[in-house]
Amino acid sequence: MTVWDDLVGQDRVAAQLSAAARDADALVTAVSEAADGPVAEPMASSKMTHAWLFTGPPGSGRATAARAFAAALQCVSPDRALGGAPGCGFCDGCHTALVGTHADVEVVRTDMLTIGVKETRELVRRAQLSPAGGRWQVIVMEDADRLTEGAGNVLLKAVEEPAPRTVWLLCAPSLEDVLPTIRSRCRLLTLRTPPADAVADILVRRDGIDPELAASAARATQGHIGRARRLATDERARARRAAVLKLPLRVDDVGGCLKAAQELIDAAAEDAKQVAEEIDAKETEELRAALGAAAGTGGRLPRGTAGAMKELQDRQKRRATRTQRDSLDLALTDLTAFYRDVLALQLGSQVALANTDVRDALERIASGSKPERTLRRIEAITACRQALDSNVAPLLAVEAMTMALRAG
């Protein structure tokens, strides 16, 4: 199994990355054989470069592709000397890069709303170092779209003047999510939404999920690999989705609209609370122990350490906000898919429905309204997502949306 096998439905991207990894391997091997001299710059004809930008819709596998490429760059399989392509998936370089323990592969992901200047400066400092033992120093930034403007400017300097044998792999939903000055210095790879059949197949093969459940999850999430896996393996996720898909039937009056909005907010808050319960207590206890607090949660902290605890609490609060917004956005995505199916029925389209499990509700809404009203409802959901991105109070944004769904 090669590192490219996890790139579901991305054959073109896998071929491009494989060719680049082959050129990168030839470059490092040639230099190593030249008595450890300085690494030459890649030739203009080389498919390898120092900075890459992976874009594509949510669930397309941007981060998966970046990590696979990082593993291929660190591949030490002896088959390479016989003409084999880097990225075997079995050697020490590939394995440690994929599981996140390779000393020369730094994977940056955030559960906060943004990535700030401080964290970015630390990454830039690391990027200047020579590989500790691998063939390249690789920085994978899975949430490059969350860089603040200041952090983006810090990163720009490192991308403009790259250190030898350092590779930046940036991931973002679209080109517009990255500063123009950064994206102009990166080689662009655009991933597509994987076909539902391909997603279902990998769920069956990799996760041992029942084929019927895998197919249903793949259809419901419209090819989003991560969401499909969660939907197929988490009963709570299926219950939350079922509750969201009942919302269009509950907005017949103002009271129903307001109640549905409140329940949607409460469900998102519960998601954030569950994450906090699983992570916050462990983080707090680990920090208390590191700071030398007395044993037990009630032990007194040493003098001068209150600032560190306050910083942790602020970070946990920001993570809870991010988790709640992500949960809300997921619910709104499911709602959009519902009305997309309604529109398909109204127009007599032959497009496969995503929510076949609630076909009765789809047909009821479709027969009771016109395509123009359905389009306005989809626009209302989009407006709600934009309002949330602009930091509008979640309850106000969702209430406005449910009222618009009622009006049609």
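Residues numbered from 1 in each chain as written. Predicted model: local features only at pLDDT ≥ 70, side-chain atom pairs only at ≥ 80, totals over all residues. Heavy atoms only, no water.

Draft legend 1. Fine view of the packing of helix α10 (residues 235-245) against helix α12 (residues 306-347). The N-to-C vectors of α10 and α12 enclose an angle of 55°; their axes lie 9 Å apart at closest approach. By the angle class used here, α10 and α12 are oblique. Crossing hand, α10 versus α12: right-handed. Where α10 abuts α12, its residues R241, V244 and L245 lie against A331, D334, L335 and F338. Partitioning the contact of α10 with α12 into residue classes produces 5 nonpolar, no polar and 2 charged. (Axes fitted to C-alpha atoms, helices over the stretch in contact; angles between N-to-C directions. Helix = DSSP H or I, 4+ residues; strand = E, 2+ residues; numbered from the N terminus. Parallel < 35°, antiparallel > 145°, perpendicular 65-115°, else oblique. Left-handed = near helix turned anticlockwise from the far one by under 90°. Contact = heavy atoms within 4.5 Å. Nonpolar A, V, L, I, M, F, W, Y, C, P; charged D, E, K, R; others polar.)

Draft legend 2. Looking closely at the side chain of T49. Relative to the assigned elements, T49 resides in the loop between α1 (11-33) and β1 (51-55). Looking at T49, the relative accessible area reads 17%, which means it is buried. (Buried < 20%, exposed > 50% of the residue type's maximum accessible area, 1.4 Å probe, protein only.)

Draft legend 3. Quick peek at the state of the cysteines. Taken as a whole and assessed by the stated rule, the structure comprises 0 disulfides. Here C257 is not cross-linked by a disulfide; its sulfur's nearest cysteine counterpart is in C384, at 13 Å. You can call C384 buried: its relative accessible area is 3%. (Disulfide = S-S within 2.5 Å.)

Draft legend 4. Representation of the layout of surface pockets in the model. There is about 470 Å³ of room inside the second largest pocket. Lining the second largest pocket are 14 residues; nearest its centre among them are T110, M112, E119, R315 and R318. Secondary structure elements with two or more residues in the lining of the second largest pocket: α4 (117-127) and α12. Top contributing element to the lining of the second largest pocket by residue count: α12, with 3 residues. Among the residues making up the lining of the second largest pocket, the classes are represented as 4 nonpolar, 3 polar and 7 charged. (1 Å grid on protein atoms, 1.4 Å probe; cavity = no way out; pocket = protein on both sides within 12 Å on 5 of 7 lines; lining within 4 Å. Points joined across faces, edges and corners; volume = space filled by probe spheres on them.)

Draft legend 5. View of unusual backbone geometry. Residue R165 is not a glycine yet carries a positive backbone phi of 60°. Among the structural elements, R165 can be located in the loop between α5 (149-160) and β4 (166-172). Positive phi is not limited to glycine here, since Q222 has a value of about 55°.

Draft legend 6. Just the sheet that holds β4, in detail. Read across the sheet, 5 strands follow the order β2-β3-β4-β1-β5 without closing on themselves; strand pairing throughout is parallel. Both outer strands of the open sheet, β2 (105-108) and β5 (187-190), are each paired with one neighbouring strand and no more. Across the sheet, the axes of successive neighbouring strands diverge by a mean angle of 15°, strand direction being ignored. In this structure, β1 lies alongside β4, joined through 5 bridges in parallel fashion. Across the sheet, residue F54 finds its bridge partner in β4, namely C171. (Pairing = 2+ DSSP bridges.)

Draft legend 7. Highlighting the environment of L247. Looking at the secondary structure, you find L247 in the loop between α10 and α11 (254-290). Using a relative accessible area of 2% as the deciding quantity, one classes L247 as buried. Along the sequence, L247 and L335 sit 88 residues apart, while their C-alpha atoms lie 8.3 Å from each other. The contacts of L247, once residues within four sequence positions are left out, are A260, L264, L335, T402 and L405.

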